[in-house]
Amino acid sequence: MSDSFSKQVSQGIPDSIPPMPPDLPGVNHAPARPDVLTADEKKLALKNALRYFPKEWHSKLVPEFAAELENDGRIYMRRFRPSYEMKARPITEYPARTPKAAAIMLMIQNNLDIAVAQHPQELITYGGNGTVFQNWAQYLITMKYLSEMTEFQTLVLYSGHPLGLFPSHPEAPRLVLTNGMVIPNCSSREDYDKMAALGVTSYGQMTAGSFMYIGPQGIVHGTTITLLNAGRKYLGLPPEADLSSKLFVTSGLGGMSGAQAKAAVIAGAVCVIAEINPLAIRTRYEQGWLQEIENDLDRVLIRIEKARSTGEALSLGYTGNIVDLWEKLAAEGVRVDLGSDQTSLHNPYLGGYYPVGLTLEESNSMMVENQETFRKAVDESLRRQVRAINTLHAGGMFFWDYGNAFLLEASRAGAHGILREDGTFAYPSYVEDIMGPICFDYGFGPFRWVCTSGDHEDLMITDRIAADVLEAMAKEADPEIKRQILDNIRWIKQAEENRMVVGSQARILYADRKGRMEIARAFNDAVADGDISAPIVLGRDHHDVSGTDSPYRETANIRDGSMFTADMAVQNVIGDSFRGATWVSLHNGGGVGWGEVINGGFGLLLDGSPEAAERASSMLSWDVSNGLARRSWARNPGAIYAIRKAMEAEPDMKITIPSIADESLLENLFE
């Protein structure tokens, strides 16, 4: 353990005002946020920021923080960004009194690693505004508290703010955190902009604010599954076929969307992805996630046809606006098989979507200096994008919303043809059509783990263990879930050659309730036996069976009228907390936007002890079964099957199963 690193982490706020750290080279910066505060509110924001520092420092910090607020629309406290390298270190290098605290510190640093985070100096991991902490003081104090924490304390974070360490007990979570939880009537975009500028709330997205992000690998697997099943569902491909010679067109190469390039190649497709930010597209290329870059649309079309004709799997990044790409494809009559979008439309007017006809720099200036004109440009751009998509759809393309609020924002922009006469969307959400009925309803979701040793050999051992568990399950699997298991066996066996790791030594696969429990048990045994050299952190994306209530994404295939309720996500976090989670989180916003979704997650440390095995079994069972029970009650056939299987495995589980009404009894009743 480095004495300097250990000392700085344990210190928290330094003893004296540190020098301004140098800007990191080649790092993406968050765009400036609009000036939304009155003069009195700006004074309040400064008073809020100064609370973290000794009074004698205030006279020096006031002009500096005021300048940040004017220039960035936020107070990031850039001066207090630590001088040590931000990366996930082996768990033994953290100055902690309990391994659970050290594991949380590791996960926090991974979320802010410059190789992982979208805007690391502004503490944003992905999605344009997916925030780990609101400012660097919160990071410093949180790390200090974690270095001091014992098994008889729990740390509480309010939207990144470390409220403090509270007396607790060893079976309680070591950390409980919330992000963006506001009164429902105060959950508009305007409310968020103001409260975030004041420094009293934050947008944690999903795994950014819960310290469970593992780089774009976290979504590669889900995207691969989505693409393969889209081929099966829309294109009539057999289960064993890939997407050879099929063209997939989409947008975005940022923190989450960057996964599309890798996933498309794994699925065998020809994929063209538009990205307006040259730095983002270059980053994905240098990381090996994107194969080629092109900035000329005529050459893009030539490259598409060459790859198609040979069956080559290709990821081609187009440096430019997605609308220009869609319109070129439509004008030239190019046959597109599959289409989607992963611009950050949960945040359309603050850097999540860049309108056609403006450069990146022009947009970044206009969104701050002329907000109304920028809004109109975004809305017109969305209308043009939908027109081109409609044209290609008429020619045979299958298009879906990738859970980024594309359909929602396009409808709000007045895009023609995006809504049917009955008010429903003309195109499906990928959860509504693919992920929900094929995966979530059967309990399959993005289960993930991190090897806290930082040793790649440990990761390869976990891959083999997970593959062994799944292969044993596949031999006995019912037809309803056998294909899902086989897809995941293929994934985990190819994971090493696909070079997924960015940041921590982490892995993801889609496992069901039984699979998660069995894999966790096998991992814990391997840690106990010394086959794996250090504890393992278990977690998942919030985008899962039970973790998220989101009517335009995770719960889009729940059609009993409850898709807008949020009992499931809240209950899930509560249940995880007393069944053994090491930390739990609950968020407003994520994926489709602030006020549009409630989601939560967990982290659980497997240290090889019998107690860890018991906690994992209890918590993981609940973490999946809660969502299965809710989806079953919505009359989803896959979930009814899955929850019955769960009850057979656990006699103490008693779930209310719906009685299915005869449709003929209801016909013509209220005409």
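These notes cover the structure that comes with them. Because the structure is a prediction, the values reported are computed rather than measured.

Looking at the overall build of the protein
A tally of helices and strands in the protein yields 22 helices and 17 strands. A compact globule built from 671 residues would reach a C-alpha radius of gyration of about 26 Å, and the protein, at 24 Å, matches this within 12%. Principal-axis analysis of the C-alpha atoms gives the protein an extent of 70 × 60 × 55 Å. Sorting the 671 residues of the protein into buried and exposed places 62% on the buried side. Pairs at least 24 residues apart make up 71% of the contacts formed inside the protein by residues separated by at least 6 positions. Accessible surface, the protein: about 25200 Å² in total, of which carbon and sulfur atoms supply 52%. Across the protein, the mean location of the 63 positive side-chain charges is 2 Å away from that of the 85 negative side-chain charges.

A closer look at unusual backbone geometry
Phi is mostly negative for residues that are not glycine, and the peptide bonds are mostly trans. The phi angle at Arg635 is positive, at roughly 75°, despite the residue not being glycine. Residue Arg635 is classed as partly exposed on the basis of its relative accessible area, which comes to 43%.

Observations concerning the packing of helix 4 (residues 99–111) against helix 5 (residues 136–148)
Between helix 4 and helix 5, the least distance of the axes is 9 Å, while the angle of their chain directions is 155°. Overall, the two elements helix 4 and helix 5 adopt an arrangement that is roughly antiparallel. As for the relative orientation of helix 4 and helix 5, their crossing is left-handed in sense. Contact residues: helix 4 offers Ala101, Ile104, Met105, Ile108 and Gln109, while helix 5 offers Tyr139, Thr142, Met143, Leu146 and Ser147.

Looking at the packing of aromatic side chains
Here the structure, examined in full by the defined rule, presents 24 aromatic pairs. For the ring pair Phe447 and Trp449, a centre distance of 6.0 Å and an interplane angle of 55° mean the geometry is tilted. By relative accessible area, Phe447 is classed as buried at 0%. When the ring of Trp449 is compared with that of Phe523, the centres are 4.9 Å apart and the planes differ by 70°; the resulting orientation is edge-to-face. In this pair, Trp449 is assigned in strand 12 (residues 445–451) and Phe523 in helix 19 (residues 513–529), connecting sequence segments 74 residues apart. A relative accessible area of 0% places Trp449 in the buried class. Chaining the aromatic ring pairs together yields one cluster made of Phe53, Trp57, Phe65 and Phe80. A cation sits over an aromatic face here: Arg89 above Phe5, 3.9 Å from the ring centre.

Section: the pattern of salt bridges
For the structure shown, the criterion picks out 44 salt bridges. Between Glu41 and Lys194 there is a salt bridge; the shortest N-O distance is 3.0 Å. You can see Glu41 sitting in helix 2 (residues 39–50) and its partner Lys194 sitting in helix 6 (residues 189–198), a full 153 residues away along the chain. Of the residues examined, Glu41 reaches a relative accessible area of 18% and is grouped as buried. Judged by relative accessible area, which is 32%, Lys194 ranks as partly exposed.

Here we look at the pairing of strand 16 (residues 583–588)
Among the six residues in strand 16, six count as buried, and that is most of the element. Pairing geometry for strand 5 (residues 175–179) and strand 16, over five bridges, is parallel. Residue pairing in the sheet places Asn179 in a bridge with His587 of strand 16. Judged from the six bridges that link them, strand 16 and strand 17 (residues 598–606) form a sheet pairing that is antiparallel. Paired with Ser585 across the strands is Gly601, a residue of strand 17.

Regarding the sheet that holds strand 8 (residues 292–294)
Within a sheet, neighbouring strands are paired by backbone hydrogen bonds and run either parallel or antiparallel to one another. Taken together, the six strands give an open sheet; going across it, the order is 8-9-7-6-10-11, and neighbouring strands pair in parallel fashion. A single partner strand is all that each edge strand has here, and the edge strands are strand 8 and strand 11 (398–399). Inspection of the sheet shows strand 10 (residues 338–339) paired to strand 11 by two bridges, in the parallel sense. The partner of Gly339 across the bridge, within strand 11, is Phe399.

Remarks on the environment of Val220
Topologically, Val220 is positioned in helix 7 (residues 217–234). Residue classification places Val220 among the buried residues on the basis of a relative accessible area of 0%. In contact with Val220, not counting residues within four places along its chain, are Ala259, Lys262, Ala263, Ile266, Trp289, Trp491 and Met500.

Digging into the pairing of strand 3 (residues 153–158)
Two elements, strand 3 and strand 4 (residues 161–167), share six bridges in a ladder whose sense is antiparallel. Looking across to strand 4, one finds that Thr154 is bridged to Phe166. Connecting strand 3 to the next strand, strand 4, in antiparallel fashion are two residues, including Ser159 with a positive phi near 45°.

What to know about helix 17 (residues 456–476)
Here helix 17 is 21 residues long and its end C-alpha atoms lie 31 Å apart, about the 30 Å a rise of 1.5 Å per residue gives. Listed as buried for helix 17 are Asp458, Leu459, Ile461, Thr462, Asp463, Ile465, Ala466, Ala467, Val469, Leu470, Met473 and Ala474. Those residues of helix 17 that are buried lie in contact with strand 12, helix 18 (479–494), strand 13 (506–511), helix 19 and strand 14 (536–540).

What to know about a nonpolar patch on the surface
Together, Leu665, Leu666, Leu669 and Phe670 line one region of the surface with nonpolar side chains, adding up to about 510 Å² of accessible area. Following the sequence through the fold, Leu665 ends up in the segment after helix 22 (637–649).

Brief notes about the state of the cysteines
Here a disulfide denotes a covalent bond joining the sulfur atom of one cysteine to the sulfur atom of another. Going through the model one piece at a time under the given rule, you end up with zero disulfides. No disulfide involves Cys439; its nearest neighbouring cysteine sulfur is the one of Cys271, lying 20 Å away.

Conventions adopted
Throughout this description, residue numbers start from 1 for each chain and increase along the sequence as written. Selection of residues for local features in this predicted model requires a pLDDT of at least 70, selection of side-chain atom pairs for listing and counting requires 80 or more, and totals for whole chains, interfaces and linings are taken over all residues. Where side-chain values are given, they derive from all heavy atoms of the structure, hydrogens and water being excluded. Each helix is a run of H or I in the DSSP string that is no shorter than four residues. Each strand is a run of E no shorter than two, and both are numbered from the N terminus. Put simply, the radius of gyration uses C-alpha atoms, and a globule should come to 2.2 Å times the residue count raised to 0.38. For the exposure calls, accessible area comes from a 1.4 Å probe over protein chains only, and a residue counts as buried if that area is under 20% of its type's maximum, exposed if over 50%, partly exposed in between. Contacts are residue-level and defined by heavy atoms, with any inter-residue pair within 4.5 Å sufficient. Where accessible areas are quoted, they stem from the Shrake-Rupley method and a 1.4 Å probe; at the residue level, only the protein chains shown are allowed to cover. Neither His nor the chain termini are counted; the positive set is Lys and Arg, and the negative set is Asp and Glu. One atom stands in for each charge, and that atom is NZ of Lys, CZ of Arg, CG of Asp or CD of Glu. Every axis corresponds to a line fitted to the C-alpha atoms, with the helix fit spanning only the stretch in contact, and the corresponding angles, defined between N-to-C directions, vary from 0 to 180 degrees. Roughly parallel refers to an angle under 35 degrees, roughly antiparallel to one over 145, roughly perpendicular to one between 65 and 115, and oblique to any angle outside these ranges. What makes a crossing left-handed is the near helix being turned counterclockwise from the far one by less than a right angle; a clockwise turn instead makes it right-handed. Working definition: rings of Phe, Tyr and Trp (its six-membered ring) pair if their centres are within 6.5 Å, and the pair is stacked with planes under 30 degrees apart, edge-to-face with planes over 60 apart, and tilted otherwise. Whether a charge lies above a ring is judged from NZ of Lys or CZ of Arg, which has to be within 6 Å of the ring centre and within 35 degrees of the ring normal. Whenever a carboxyl oxygen of Asp or Glu lies within 4 Å of a side-chain nitrogen of Lys or Arg, that contact is scored as a salt bridge. Strands are treated as partners if at least two bridges between them are detected by DSSP. Expected span, for any helix, means 1.5 Å times one less than how many residues it has. Patch membership requires more than 30% relative accessible area and the absence of a salt bridge. Residues of like charge join within 9 Å; the nonpolar side chains Val, Leu, Ile, Met, Phe, Trp and Tyr join within 5 Å. The disulfide criterion used throughout: a pair of cysteine sulfur atoms within 2.5 Å.

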